[in-house]
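# Reading the structure
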Amino acid sequence: MLSLSYLNAYLSLIYKEEVVVIENCAKTRENACKNVNSCQLQKPHLRTYFGRFVLRNSSDAQPVRPDPHAKIQQKGLQKMEGTVAGAVITASDRCFRGETEDKSGPLAAALLADWGVIVDQVRVVPDGIASVRNAILDAMAQGARVIVTTGGTGVTDRDLTPEATAPLLDARMDAIAMQIAQVGLVNTPLASLSRGLVGVSRQGETPCFIVNAPGSRGGVKDTISVIGPLVPHVLEQLDLVTD
């Protein structure tokens, strides 16, 4: 069994300050806490070791150590300077056939405008890989810097927007997709059913930011609330020329 003097020295080395072991104190957290005052330890920088627990005296007055990284400032969000061309594509069999009105696409276009992304016209295409992918390629060819699709992110046999988008992405941004899901889950547990992708593509003449939003208006609102403030930073990195 270790002597008290050896244990004192060992703990003092670990905590880089004086440590004293109280031999007769109980070895439970509850009892140890009760025995702190009864030990009457008055040393200003002392640590007390009760069995498995090391407790500071309530009278300790430790100096505040300066944070060596306190002067490091994180880069904040920046507003868009001017405007950029955008595109909104609604993937929906029913909207394409005229059986129901497309409400999510126009909402996406309106919300994007608040962040400096201008969408001239919302395009409605049927669900499917070829139809959605061709629409995205057309938007890229027309110079859209931000492309948002709505719909087709679920798990039915016709929800194929992520499969249409994936081959066009040179870099996926899964953290943004997770952030969109987290915002959505605050409003509805159904937000976790969306498989939407987020990423960037350099396959057109102009690099662009591509986002799959759910087909619901709530999902569109959540998506734009997340990506809107990030658009200037994503485009800045896309336009950065490296050697």
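Below, the structure is looked at part by part. (Residues numbered from 1 in each chain as written. Predicted model: local features only at pLDDT ≥ 70, side-chain atom pairs only at ≥ 80, totals over all residues. Heavy atoms only, no water.)

## A closer look at the sheet that holds strand β8 (residues 198-201)
- Spatial ordering of the open sheet is given by β5-β4-β6-β9-β8-β7, a layout of 6 strands whose pairing is mixed. On the outer flanks of this sheet lie β5 (117-125) and β7 (171-172), each paired with one strand and no other.
- Looking at chain direction, strand β6 (residues 146-150) and strand β9 (residues 208-213) are connected through 5 bridges and run parallel. Looking across to β9, one finds that Ile147 is bridged to Ile210. (Pairing = 2+ DSSP bridges. Helix = DSSP H or I, 4+ residues; strand = E, 2+ residues; numbered from the N terminus.)

## Overview of the environment of Asp159
- Note that Asp159 resides in the loop between β6 and α6 (161-165).
- Among the residues examined, Asp159 registers a relative accessible area of 13% and is labelled buried.
- Along the chain, Asp159 and Ser92 lie 67 residues apart, while their C-alpha atoms are 9.0 Å from each other.
- Residues contacting Asp159, with those up to four places away along its chain left out, are Gly152, Thr153, Gly154 and Arg195.
- Here the side chain of Asp159 touches Val155 through a polar contact of 3.3 Å, landing on its backbone nitrogen. (Buried < 20%, exposed > 50% of the residue type's maximum accessible area, 1.4 Å probe, protein only. Contact = heavy atoms within 4.5 Å. Polar contact = N/O pair within 3.5 Å; in protein donor to acceptor, adjacent residues only side chain to side chain.)

## Topic: the nonpolar core
- In this structure, Leu112, Val146, Val148, Phe209 and Ile227 are the most contacted members of the largest nonpolar core, which totals 24 residues.
- Membership of the second largest hydrophobic core comes to 17 residues, among which are Val132, Ile136, Ala164 and Cys208. (Core = buried A, V, L, I, M, F, W, Y, C linked by side-chain atoms within 4.5 Å.)

## Some points on the pattern of salt bridges
- By the definition in use, this model includes 6 salt bridges.
- Between Glu99 and Arg97 there is a salt bridge, with the nearest N and O atoms lying 2.9 Å from each other.
- Taking the relative accessible area as the measure of exposure, Arg97 reaches 53% and is therefore exposed.
- One salt bridge connects Asp239 with Arg145, and the closest N-O pair in it is separated by 2.9 Å. Taken together, the residues Asp239 in the segment after α9 (231-238) and Arg145 in the loop between α5 (129-141) and β6 connect sequence positions 94 residues apart.
- Looking at Asp239, the relative accessible area reads 42%, which means it is partly exposed. (Salt bridge = Lys/Arg side-chain N within 4 Å of Asp/Glu carboxyl O.)

## Looking at the side chain of Asp159
- Buried within the structure, Asp159 lacks any salt-bridge partner; its nearest side chain of opposite charge belongs to Arg195, at an N-O separation of 6.3 Å.
- At 2.9 Å, the side chain of Asp159 forms a polar contact with the side chain of Thr156. (Lys, Arg positive; Asp, Glu negative; His and termini not counted.)

Purely geometric stuff here, so don't read any function into it on its own.
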